[in-house]
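Overview (structure and organization)
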2 protein chains.
Amino acid sequence: MLKKFVYGQPIPTEAVIEDISLSQEAVPYLTVQTDKEGKMTFSSTLNDEDIVYGLGEAPRGINKRGHIYESFNSDDPYHTEEKRSLYGSHNFIVVSGKTSYGIFVDCGAQVTFDIGYTVYDRLAITPSVKDFVLYIIEGDNAYDIIRQFRRVIGQSYIAPFWAFGFQQCRWSYYTADEVREVVRQYREHQIPIDAVYLDIDYMEAYKDFTVSEERFPHFKAFVEEMKAQHIHLVPIIDAGVKIEDGYDVYEEGKAKGYFCKRKDGTDFVAGVWPGRTHFPDFLNPEVRRWFGHQYQTLLEAGIEGFWNDMNEPAMFYTDEGIAEAVDYLKNFDFSCNDSNKFFELGGRVGGLANRRKDYAAMYHTINGESVCHEQVHNLYGYNMTRAAAEAFQALVPDKRILLFSRSSYIGMHRYGGLWTGDNQSWWSHLLLNIKMMPSLNMCGFLYCGADLGGFGANSTRDLVLRWLAFGLFTPLMRNHSALGTRHQECYAFGDTEAFRGLVSLRYRLIPYLYREYIKACEQNEMLFKPLAFAYPQDKIACHIEDQLLLSDDLMIAPVYEQNAIGRTVYLPEEMRFVLFKGAEVVRSERLPKGHHFITVGLDEVPVFIRPGRQIPLCEPSESVDQLDTDTVTYLSFD
Amino acid sequence: MLKKFVYGQPIPTEAVIEDISLSQEAVPYLTVQTDKEGKMTFSSTLNDEDIVYGLGEAPRGINKRGHIYESFNSDDPYHTEEKRSLYGSHNFIVVSGKTSYGIFVDCGAQVTFDIGYTVYDRLAITPSVKDFVLYIIEGDNAYDIIRQFRRVIGQSYIAPFWAFGFQQCRWSYYTADEVREVVRQYREHQIPIDAVYLDIDYMEAYKDFTVSEERFPHFKAFVEEMKAQHIHLVPIIDAGVKIEDGYDVYEEGKAKGYFCKRKDGTDFVAGVWPGRTHFPDFLNPEVRRWFGHQYQTLLEAGIEGFWNDMNEPAMFYTDEGIAEAVDYLKNFDFSCNDSNKFFELGGRVGGLANRRKDYAAMYHTINGESVCHEQVHNLYGYNMTRAAAEAFQALVPDKRILLFSRSSYIGMHRYGGLWTGDNQSWWSHLLLNIKMMPSLNMCGFLYCGADLGGFGANSTRDLVLRWLAFGLFTPLMRNHSALGTRHQECYAFGDTEAFRGLVSLRYRLIPYLYREYIKACEQNEMLFKPLAFAYPQDKIACHIEDQLLLSDDLMIAPVYEQNAIGRTVYLPEEMRFVLFKGAEVVRSERLPKGHHFITVGLDEVPVFIRPGRQIPLCEPSESVDQLDTDTVTYLSFD
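Keep in mind that what you see is a predicted model, and the values were worked out from it rather than measured.

1. Re the overall build of chain A
Along its length, chain A carries 15 helices and 36 strands. Burial status across chain A gives 68% buried among its 638 residues. Across chain A, every contact between residues at least 6 apart in sequence was considered, and the portion connecting residues at least 24 apart equals 73%. In the structure as shown, chain A presents an accessible area of about 21,100 Å², 47% of it carried by carbon and sulfur atoms. Each charge class in chain A can be summarised by its mean position, and for the 63 positive and 88 negative side chains these summaries are 3 Å apart.

2. Side note on the layout of surface pockets
Looking at the second largest pocket, its volume works out to about 1,200 Å³. Taken together, 47 residues form the lining of the second largest pocket, with D48, E49, K539 and H543 of chain A together with I565 of chain B sitting closest to its centre. For the lining of the second largest pocket, the secondary structure elements donating two or more residues are β4 (51-54), α1 (142-153) and α15 (539-542) of chain A together with α13 (461-471) and α14 (497-522) of chain B. When its residues are assigned to classes, the lining of the second largest pocket shows 16 nonpolar, 13 polar and 18 charged.

3. A few points about the pattern of salt bridges
Under the definition given, this model contains 92 salt bridges over all chains. One salt bridge in this structure joins K227 of chain A and E304 of chain A, with 3.6 Å as the shortest N-O distance. A residue pair is termed long-range when its members are at least 10 positions apart, and K227 of chain A in helix α3 (residues 219-228) and E304 of chain A in the loop between α6 (296-300) and β18 (305-309) qualify at 77 residues. A salt bridge links R288 of chain B to E390 of chain B; its shortest N-O distance comes to 3.6 Å. Taken together, the positions of R288 of chain B in helix α5 (residues 285-294) and E390 of chain B in helix α11 (residues 380-395) put the pair 102 residues apart, joining distant regions of the chain. Given the relative accessible area of 33%, E390 of chain B is considered partly exposed. One connected set of salt bridges, linked through shared partners, spans D75, D309, E312, R406 and D422 of chain A.

4. What about the environment of Y197 of chain A?
Residue and element names in this part refer to chain A. Along the chain, Y197 falls in strand β13 (residues 195-198). On the accessibility criterion, Y197 (0% relative accessible area) is buried. A sequence separation of 38 residues divides Y197 from P235, and the C-alpha atoms of the two residues are 5.8 Å apart. Apart from residues no more than four positions distant in its own chain, Y197 is found in contact with Q167, Q168, C169, Y173, V234, W307, L402, F404, L476 and R478. A distance of 2.3 Å separates a polar atom in the side chain of Y197 from a polar atom in the side chain of Q167.

5. A closer look at helix α1 (residues 142-153) of chain B
Here α1 of chain B is twelve residues long and its end C-alpha atoms lie 17 Å apart, about the 16 Å a rise of 1.5 Å per residue gives. Of the residues that open α1 of chain B, the one with a side-chain oxygen 3.1 Å from the backbone nitrogen of Y143 of chain B is N141 of chain B.

6. Considering the sheet that holds strand β21 (residues 402-405) of chain B
All names here are of chain B. With parallel pairing, the nine strands of this open sheet are ordered in space as β24-β23-β21-β18-β14-β13-β12-β26-β25. If you trace the sheet from one side to the other, it starts and ends with β24 (448-449) and β25 (451-452), each paired once. Relative to strand β26 (residues 478-479), strand β12 (residues 167-168) runs parallel, the two sharing two bridges. By the bridge assignment for β26, Q167 is matched with R478.

7. Some remarks on the sheet that holds strand β2 (residues 31-34) of chain A
Residues and elements named next belong to chain A. Here we have five strands laid out as an open sheet, ordered β2-β3-β10-β9-β5, and antiparallel in their pairing. Taken across any chain shown, the strands that pair with only one partner, and hence form the sheet edges, are β2 and β5 (67-71). Along the sheet, successive strands turn relative to each other by an average axial angle of 15 degrees, direction set aside. Where β2 lies against strand β3 (residues 40-45), four bridges are found, and the strand directions are antiparallel.

8. Some thoughts on the interface of chain A and chain B
The interface of chain A with chain B comprises 53 residues on the first partner and 54 residues on the second. Between chain A and chain B the total buried area reaches about 4,900 Å² when both faces are included, carbon and sulfur atoms providing 58% of it. By the criterion of area lost to chain B, the three top residues of chain A are E81, Y120 and N563 of chain A, representing 12% of everything that side buries. If you look at where chain A meets chain B, you find 30 residue pairs in polar contact (both at pLDDT 80 or more). At the level of secondary structure, the elements contributing two or more residues to the side of chain A that touches chain B comprise β17 (275-278), α7 (319-330), α8 (339-350), α12 (427-442), α13 (461-471), α15 and β33 (594-599) of chain A. If you tally residues by element for the side of chain A that touches chain B, the top one is α8 of chain A, at eight residues. By residue class, the composition of the side of chain A that touches chain B is 23 nonpolar, 19 polar and eleven charged.

9. Things to note about the packing of aromatic side chains
Residue and element names in this part refer to chain B. Following the criterion strictly, the structure yields 106 aromatic pairs over all chains and no others. Aromatic pair Y447 and Y517: ring centres 6.3 Å apart, planes at 65 degrees, arrangement edge-to-face. Of this pair, Y447 sits in the loop between α12 (427-442) and β24 while Y517 sits in helix α14; the two residues are 70 residues apart in sequence, bridging distant segments of the chain. Looking at Y517, the relative accessible area reads 0%, which means it is buried.

10. Regarding the relation of the copies chain A and chain B
When chain A is brought onto chain B, the operation consists of a screw motion whose angular component is 180 degrees and whose axial shift is 0.0 Å, with 0.0 Å RMSD remaining. Here the symmetry operator amounts to a two-fold rotation axis.

11. Looking at the confidence of the model for chain A
Chain-level pLDDT for chain A is 97 on average; 100% of the residues reach the 70-or-more range. On the interface metric, ipTM, the complex scores 0.97, and its pTM is 0.98.

12. Quick notes on the state of the cysteines
Going through the model one piece at a time under the given rule, you end up with zero disulfides over all chains. Free of any disulfide, C618 of chain A has its nearest cysteine sulfur in C490 of chain A, 18 Å distant.

13. Some words on the environment of E619 of chain A
Positionally, E619 of chain A belongs in the loop between β35 (614-618) and β36 (632-636). Apart from the residues within four sequence positions on either side, E619 of chain A is in contact with R508, L627 and T631 of chain A.

14. Details of helix α4 (residues 248-255) of chain A
Residues and elements named next belong to chain A. Within α4 the residues assigned to the buried category are V249, Y250 and G253. Looking straight down α4, one finds that the buried residues subtend no more than 100 degrees of arc, so they occupy a single side. Facing away from the buried side of α4 by more than 90 degrees, the exposed set consists of D248 and A255. Turning to α4, the residues buried within the fold contact β15 (241-242), β17 and α5 (285-294). At the C-terminal side of α4, G257 shows a positive phi close to 70 degrees.

15. Quick word on unusual backbone geometry
Residue and element names in this part refer to chain B. With an omega dihedral of 0 degrees, the bond running from W171 to S172 counts as a cis peptide bond. Structurally, the position occupied by S172 is in the loop between β12 and α2 (176-188). Following E312, the chain continues into P313 via a peptide bond in cis, with omega recorded as -10 degrees. Topologically, P313 is positioned in the loop between β18 (305-309) and α7 (319-330).

16. Notes on the environment of G444 of chain B
Residue and element names in this part refer to chain B. The topology assignment puts G444 in the loop between α12 and β24. When its relative accessible area of 1% is taken as the criterion, G444 is described as buried. For the pair G444 and A221, spaced 223 residues apart in sequence, the C-alpha to C-alpha distance is 37 Å. Once residues lying within four places of it in the same chain are set aside, the contact partners of G444 are R150, I153, S156 and H413.

Rules and cut-offs
- Residues numbered from 1 in each chain as written.
- Chains lettered and ligands numbered in written order.
- Predicted model: local features only at pLDDT ≥ 70, side-chain atom pairs only at ≥ 80, totals over all residues.
- Heavy atoms only, no water.
- Helix = DSSP H or I, 4+ residues; strand = E, 2+ residues; numbered from the N terminus.
- Buried < 20%, exposed > 50% of the residue type's maximum accessible area, 1.4 Å probe, protein only.
- Contact = heavy atoms within 4.5 Å.
- Areas by Shrake-Rupley, 256 points an atom, 1.4 Å probe, with all protein chains shown as cover.
- Lys, Arg positive; Asp, Glu negative; His and termini not counted.
- Charge placed at Lys NZ, Arg CZ, Asp CG, Glu CD.
- 1 Å grid on protein atoms, 1.4 Å probe; cavity = no way out; pocket = protein on both sides within 12 Å on 5 of 7 lines; lining within 4 Å.
- Points joined across faces, edges and corners; volume = space filled by probe spheres on them.
- Nonpolar A, V, L, I, M, F, W, Y, C, P; charged D, E, K, R; others polar.
- Salt bridge = Lys/Arg side-chain N within 4 Å of Asp/Glu carboxyl O.
- Polar contact = N/O pair within 3.5 Å; in protein donor to acceptor, adjacent residues only side chain to side chain.
- Expected span 1.5 Å × (residues − 1).
- Pairing = 2+ DSSP bridges.
- Axes fitted to C-alpha atoms, helices over the stretch in contact; angles between N-to-C directions.
- Buried area = accessible area lost by both parts, 1.4 Å probe.
- Phe/Tyr/Trp six-rings, centres within 6.5 Å; stacked < 30°, edge-to-face > 60°.
- Least-squares fit on C-alpha atoms with pLDDT ≥ 70 in both.
- pLDDT = per-residue confidence, 0-100.
- Disulfide = S-S within 2.5 Å.
- Arc of directions from axis to C-beta.

If you want it as structure tokens, here you go:
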């Protein structure tokens, strides 16, 4: 049961696609307060036993209590605990306790969720604007509420089958030969792989929809050559369009007025990878159509997958920001003797990126009206990805194209998946990855994954192995690392046997995972669920954040601590414990309800099969194309 | 059995105070390699089951495997996983496996410990200089090796009894009235407390050994007034001496040539809190005597405790650094269109602090010879604290003075304790605190603790409570938070009952804790031990990093996850589980060996009493002075 409340004159987000009539009653569950500036706060008291789920790609736990979150899509690679915003804004929460209810704040501007942070037992939600839609969702329990929500926001994007293969990325493989070498290494070591990514350096001067002829000559033939080896190339597309005379996308966009504006109507400028760029006004359907059709160039070259990046949008600097810094420097007294002034100096000159001031100076045209970017900030990446997906629908209606985005908003889940952005090679980010998956699923994002092994900072062999051992369950299974960090491809640490084993196990599971994934998309289910949803009466299970249910069949319990020889697992009921060493089962036994310590080597993966359940396993292969999905054996509880 | 190997002509650190004759044999256990520049690397193969202990105040786990550490004392408040250096350098490790041995690299310059980071099964230790002493310690097991090491480095500093009371700090309580208000709140809420700290703002313009007359008038009387309320005031002392004509410490230090030099013999200048300062040359015994005697001013005012800070030494900027930035800015083309240039700009202008280049430009005078600071960097804070401790010995020989430091090196443990520096209000830093305690103990640091509740970032009620529930076992039990963050005093979150209970429990434990602490100091024992040291045959126990043994009597198992209702605990043998709700026992039962889930409320503390052991508990009081330590009850296993 959804109740809809409209405040002011909200800009439609198209997050909810079902027609829901306005509720005539007062907002249930929440106390509504309006401050003297008209800003509204919706609050309630949290009972000790209440768990608050949701918020999709937000930091911290499955239970979101005890922190304050600000939905404002942010390009911030340091996902430390105190952060309030990451790349996506997913304003859906469920308060689950004696009474359970869901809340969705549908608003493209910033929304603050204070979930027992300021006051331990108080939930307070404050949109930064006066125009928004509030939905209250009532149901039998948390999962029922989530499924109702999922139904009204529409079916999740379905990725192609090959996109469940293992994928390798790096910022960057600079040349076709570097890509060939990656593929050669994987094939030589018989580690399965289906895709290699092209990060920003495949382009000519970072210009969208171009390919460097010097570094990737005869691109179409190269794509073909890779496909012959069962490898998909997946290029990145950035939001900003380079300002450069003669560059067709820029010229056409400019001529047609397709870029975001300054207040004075001139095209807004921000520096990103290509230097100064314009941002396409993705909130305008005509611009979406235009930009989406640009992907055609790459589709024609045989490309079948894309990742949309930098679409918060990230801004490294603006002319206005630089001018302010120059002004500040002009007046800075370098002979002064005040430490605080030097701290300020660092901030002023080093803080040119992603300034709220710059976002506030950018304008969209929505239904002919000029709208400040701050009002719709969280919808930008969503609509970039929608642009691509709608174009694919028109251009290649019979083909599933891989598509996922860094920035997102609920609604985008119908058009593509997401990866969780620029994480770090930290063990705590492996745990964050585990905790984030069910939250993302609640908000409709099913084709998701983190940069396995960690993007920033240097990884180690054991971290990559432990992360793969979890990542092999996530729809997007991609190893990715940043410029300047240690290489972490599966062959980069010498001995490859453990890597081959883990990736091969993924391939054995693909028929099962893809089937369950499709089912979750079509039936508005979650692929990853907290244990609480299946064992609501079990208090211990309800508070476990490092074990997940995969579909209805399995429980997984990844090892996420360095130097651990295994871990303690809690079984809320009798289950069959199956231990894989690489792709092979080396142990299988029923374990009773309760706590168990299980030893798990770096090359091992434990799974727990629930009573009455079974899962199919096929034989491993080097690519998804080569999988024999018809010949399966079953792992079953019995 | 210690074996000593000397390379080159090391600068004496006085870390080891026992006379050990040079070993005539080859270095055992390690392979020695010398590169073409004469840099030496000591390496060995790590077996799968080897655990590597040690490194004192270093990031990550009790088992240090899988990371690379660089001993180079660093003022870095972001203790994230990839960091290699924190405030202290404690170059002692123990490889514990089929064969066990200890290694101590005695060297004031940077030393790198690659513990299975570059190559998974390889330990490699590389001093950055050619002059150092290497000790190899052989023994029956890890703990035997540690005790031998502890014996040769001399007995650990013993803090006064009152320093086991609860202590409150904030950057800053700006006035005497603010301090009075803190005390009033604690007393009014009947939360025990023994000390309030004075952070940098108590001074006049950040000048060491001054007190602002405006903000702390009649300081001696104020100290007396606080003492009448059983409160000790603990002022901070920073390493840098403000350059200001008429300031006696500066004038005398300058006249006598007591400050560190530039290469050209002029006094080295760096900007810190007071603006431009000189750094006393603490490596010179005459300077130590002089600086140590400056504390007399505050001793005379009745002060009985100090914390030494900024003694890595931290440098915010130097004239040379500023000149380089100005030069760089002169040539910077702000109209350029290259993102990388703008990233560089931020780094160049924002990166003025703690530059290696500046450290390399500073010189000490050791036995009449000029020595580059880089050679002795890690000894600086150590010798500042030694300066104070030696002066206290001369000035107040019959009194125990509280003294601890931010920066440290092994050897300093004889002169003072340490706190673990500027951590963050992160749950992961509570866990880091737990893991760090045994490592610090191994290296001789027993009077230690972290900033409870976290220094940087905003804390929450539950984080402060959970952190107190661990901190009540650590010798230094201090709540501290940074300027600009949320207040986190025990009365800052409304309801104070849970806080009162936890702090009162500390006071009930003080007679026991202080006794065990003294015993550990006198007998070269560890107060906090990994379970492995008591249960070496128990593989599960050997890899547990979130439970500790406290002395030989107790096992503790803190809750360190937000929203957890309790935790799983592993008992390596039958123990008595005692649950305190605040200061009172609410549950007591024997639990068998194995895994147990225990429910632990925010106001509760679990302890586990080992077979045959008992611990005394006294009645709580509002200050240590008022404790009746003669009237105790016992909690016993039986």
